[in-house]
Amino acid sequence: MISDWLGIPAAIVAWGFALYVLILAPPTRGARFLVAMLFVDGLAVITSYYNLDYLNPMLEAVGLPPMPGVMHQVSDWALIAVYLPFLGMTLSSPLVKPLKNPIISNLILYGCLAIAVVLPFLSEEVRVQLDVPFYIVICIGLTWGFVAALHTWYIATNDAERERARAFALAFGVRDVLWTITFGYYILVFYGVIGPGVEALMNRETIFSILMPLFYELAVIIYVPLVAYGVLRVQLFDIDLRIKRTLKRGTVAAAFVATFFVISEFAGNYLSSQLGTVLGVLATGALVFFLDPIQRAAEKFSDKAMPNTVDTPEYESFRKLQVYDSAVRAALEDGEISKRQRRVLDSMIESMGIDPNVAQRMEEDTLAASSRRSAVVEGV
């Protein structure tokens, strides 16, 4: 089944984007935690279910030691260690106020990481006792993160904050919801609330034994590109325009390719393969006379897919300011702009042609808004 090995490409997706963030993203505390979380999520899916049955032979074939199964349980503890502090530094909802406290955040981080490091040295009997009960903690943490992301989206005071909160809620919400479903299912089965019993978990022929692995592994394959888009959107002001142009051009190209294959295959089946190829080329060439309506249809499709993206100077200026605003917020993550971050911001002002006076006002407004938000959260 595809779920037996789907965790391997899912891990490659997660680790590949983690490498991108590590090399190219500004070295903020949030970026470091995002890299750690992507690494942990990749480790979680590649060691889940039956993926090791495929991974370990490949590792041994190149002379590497096999991955022990206990690494999946290690990833569970590392998930909580990294994700909860990440919520505290990323979301502005009062729901994550405890996670903004350095003492609580560090206690969660280092406490869970310490247990994760110790787990491989414990006996299997002891690890089993910690396994399913900790799923409850994971479900609480994932649900907490999703609700806090939705609340941050709800209380956003301007369009930029609202858009960032929406992107966070959608991206991480996919993983949080799908993983909560899978962990919750095993909790309910383990404690006899649903299903025929724990023995049924070993039956690979049931619908749940197929769906749960798919939910768990597809969550990473879906959410990582969404996070990647969110990161690229705050680094490339014209990423939306690039995607929209690609959709439009791709639709036109797909029309020509589809026409060639449909006509050539149809004629090849009923006439001859050589004549089918000729007719396919002729039909594709005939589409040139209908290029305008095809382009109009492609433009309508791209407009439907990305309705608020328009290729105008005004939109580009708006996106440049959005990107700069995101960079300022990241720079102010620790309360002040460092000398290195100042050089990065000045470089962005010059490269994107932003008015220095406008940039200074944006920084002042962002700093004031950050101070007010911190005061509100502390007062809750």
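Residues numbered from 1 in each chain as written. Predicted model: local features only at pLDDT ≥ 70, side-chain atom pairs only at ≥ 80, totals over all residues. Heavy atoms only, no water.

**Things to note about the overall build of the protein chain**
- When you go through the protein chain residue by residue, the secondary structure sums to 15 helices and zero strands.
- Taken over 380 residues, the protein chain has a buried fraction of 41%.
- Put simply, 77% of the contacts in the protein chain that link residues at least 6 apart link residues at least 24 apart.
- When the accessible surface of the protein chain is split by element, carbon and sulfur atoms take 68% of a total near 20600 Å². (Helix = DSSP H or I, 4+ residues; strand = E, 2+ residues; numbered from the N terminus. Buried < 20%, exposed > 50% of the residue type's maximum accessible area, 1.4 Å probe, protein only. Contact = heavy atoms within 4.5 Å. Areas by Shrake-Rupley, 256 points an atom, 1.4 Å probe, with all protein chains shown as cover.)

**Considerations on the environment of Ala114**
- Positionally, Ala114 belongs in helix α6 (residues 102–118).
- According to the relative accessible area criterion, Ala114 is partly exposed, its value standing at 41%.
- Spatially, the C-alpha atom of Ala114 lies 9.1 Å from that of Ala78, the residues being 36 residues apart in sequence.

**Observations regarding a nonpolar patch on the surface**
- Where nonpolar side chains cluster on the molecular surface, the patch consists of Ile136, Ile140, Leu188, Phe190, Tyr191, Val193 and Ile194 and spans about 610 Å² of accessible area.
- Looking at where Leu188 falls in the secondary structure, it is placed in helix α8 (residues 159–190).
- Among the residues examined, Leu188 registers a relative accessible area of 33% and is labelled partly exposed. (Patch = residues over 30% accessible without salt bridge, like charges linked within 9 Å, V, L, I, M, F, W, Y side chains within 5 Å. Salt bridge = Lys/Arg side-chain N within 4 Å of Asp/Glu carboxyl O.)

**Regarding the packing of helix α4 (residues 70–90) against helix α7 (residues 124–155)**
- Where α4 meets α7, the axes come as close as 10 Å, and the angle between the chain directions of the two elements is 30 degrees. Viewed along their axes, α4 and α7 adopt a mutual orientation that is roughly parallel. Crossing of α4 against α7: the hand is left-handed. Between α4 and α7, the residues in contact are Val70, Gln73, Asp76, Trp77, Leu79, Ile80, Tyr83, Leu84 and Leu87 and Arg127, Leu130, Asp131, Phe134, Tyr135, Val137, Ile138, Gly141, Leu142, Trp144 and Gly145, respectively.
- Split by residue class, the contact of α4 with α7 holds 14 nonpolar, three polar and three charged. (Axes fitted to C-alpha atoms, helices over the stretch in contact; angles between N-to-C directions. Parallel < 35°, antiparallel > 145°, perpendicular 65-115°, else oblique. Left-handed = near helix turned anticlockwise from the far one by under 90°. Nonpolar A, V, L, I, M, F, W, Y, C, P; charged D, E, K, R; others polar.)

**Observations regarding the confidence of the model for the protein chain**
- Of the residues in the protein chain, 60% have a pLDDT of 70 or more, and the chain-wide mean is 76.
- Considering each helix and strand of the protein chain separately, the mean pLDDT is smallest for helix α10 (residues 239–270), with a value of 55, and largest for α6, with 94.
- For the stretch residues 235–241, pLDDT sits under 50, and the model shows 27 contacts to residues farther than four places along the chain or on other chains. (pLDDT = per-residue confidence, 0-100.)

**With respect to helix α2 (residues 29–46)**
- The terminal C-alpha atoms of α2 lie 26 Å apart, and with 18 residues this matches the ideal 26 Å at 1.5 Å per residue to within 8%.
- Judged by how many residues are buried, α2 sits mostly within the fold: 14 of 18 residues are covered. (Expected span 1.5 Å × (residues − 1).)

**Some details on unusual backbone geometry**
- The backbone phi angle of Tyr49 is positive, close to 50 degrees, even though this residue is not glycine.
- Locating Tyr49 in the fold gives a position in the loop between α2 and α3 (51–61).
- A relative accessible area of 30% places Tyr49 in the partly exposed class.

**Some words on the packing of α4 against α6**
- Between α4 and α6, the shortest axis-to-axis distance is 8 Å and the interhelical angle comes to 170 degrees. Judged by the angle between their axes, α4 and α6 are roughly antiparallel. Along the contact surface, α4 presents Val74, Trp77, Ala78, Ile80, Ala81, Leu84 and Pro85, while α6 presents Ser105, Ile108, Leu109, Cys112, Leu113, Ile115 and Ala116.
- Grouping the amino acids of the contact of α4 with α6 by side-chain chemistry returns 13 nonpolar, one polar and no charged.

**Some words on the pattern of salt bridges**
- Here the structure, examined in full by the defined rule, presents two salt bridges.
- Among the ionic pairs, Arg175 bridges to Asp41, the shortest N-O distance being 2.9 Å. In this pair, Arg175 sits in helix α8 while Asp41 sits in helix α2, placing the two residues 134 residues apart along the sequence.
- Close ionic contact of Arg175 with Asp176 constitutes a salt bridge, the shortest N to O distance being 3.1 Å.

**Things to note about the packing of aromatic side chains**
- Summed over all chains, the structure comprises 14 aromatic pairs.
- The interplanar angle of 70 degrees and the centroid separation of 5.3 Å between the aromatic rings of Tyr185 and Tyr186 together place this pair among those described as edge-to-face. No difference in accessibility class separates Tyr185 from Tyr186, as the two residues are buried.
- Cluster of aromatic residues (ring-pair linked, three or more members): Tyr49, Tyr135, Trp179, Phe183, Tyr185, Tyr186 and Tyr216.
- Here the guanidinium or amino end of Arg175 rests over the ring plane of Trp179, the centre of that ring lying 5.6 Å away.
- The ring of Tyr223 carries the charged tip of Arg175 above its face, separated from the ring centre by 5.4 Å. (Phe/Tyr/Trp six-rings, centres within 6.5 Å; stacked < 30°, edge-to-face > 60°. Lys NZ or Arg CZ within 6 Å of the ring centre and 35° of its normal.)

**Describing the environment of Leu367**
- Locating Leu367 in the fold gives a position in helix α15 (residues 356–379).
- It is 8.8 Å that separates the C-alpha atoms of Leu367 and Val328, two residues lying 39 residues apart in sequence.

**Topic: α7**
- Across its 32 residues, α7 extends 46 Å between first and last C-alpha, which sits within 8% of the 46 Å expected from 1.5 Å per residue.
- Where α7 bends most, at Pro133, the angle is about 30 degrees.
- Among the residues of α7, Arg127, Val132, Phe134, Tyr135, Ile138, Cys139, Gly141, Leu142, Gly145, Ala148, Ala149 and Thr152 are the ones counted as buried. (Bend = angle between axes of the 7 residues up to and from the residue.)

**Some thoughts on the nonpolar core**
- Phe172 and Trp179 are the most contacted members of the largest nonpolar core, which has 67 residues in total.
- Listing elements by their share of this core, those giving two or more residues are α1 (7–24), α2, α3, α4, α6, α7, α8 and α9 (207–233).
- For this core, the element with the highest residue contribution is α4, accounting for 12 residues.
- Not counting the four nearest positions on each side in its chain, Trp179 is found in contact with Asp41, Ala44, Val45, Leu79, Leu142, Phe215, Tyr216, Ala219 and Val220. (Core = buried A, V, L, I, M, F, W, Y, C linked by side-chain atoms within 4.5 Å.)

**Examining the environment of Trp5**
- Following the sequence through the fold, Trp5 ends up in the segment before α1.
- Among the residues examined, Trp5 registers a relative accessible area of 36% and is labelled partly exposed.
- In this structure, the C-alpha to C-alpha distance between Trp5 and Pro213, residues 208 residues apart in sequence, is 9.8 Å.
- With near-sequence residues (within four places) excluded, Trp5 lies in contact with Asn51 and Tyr54.

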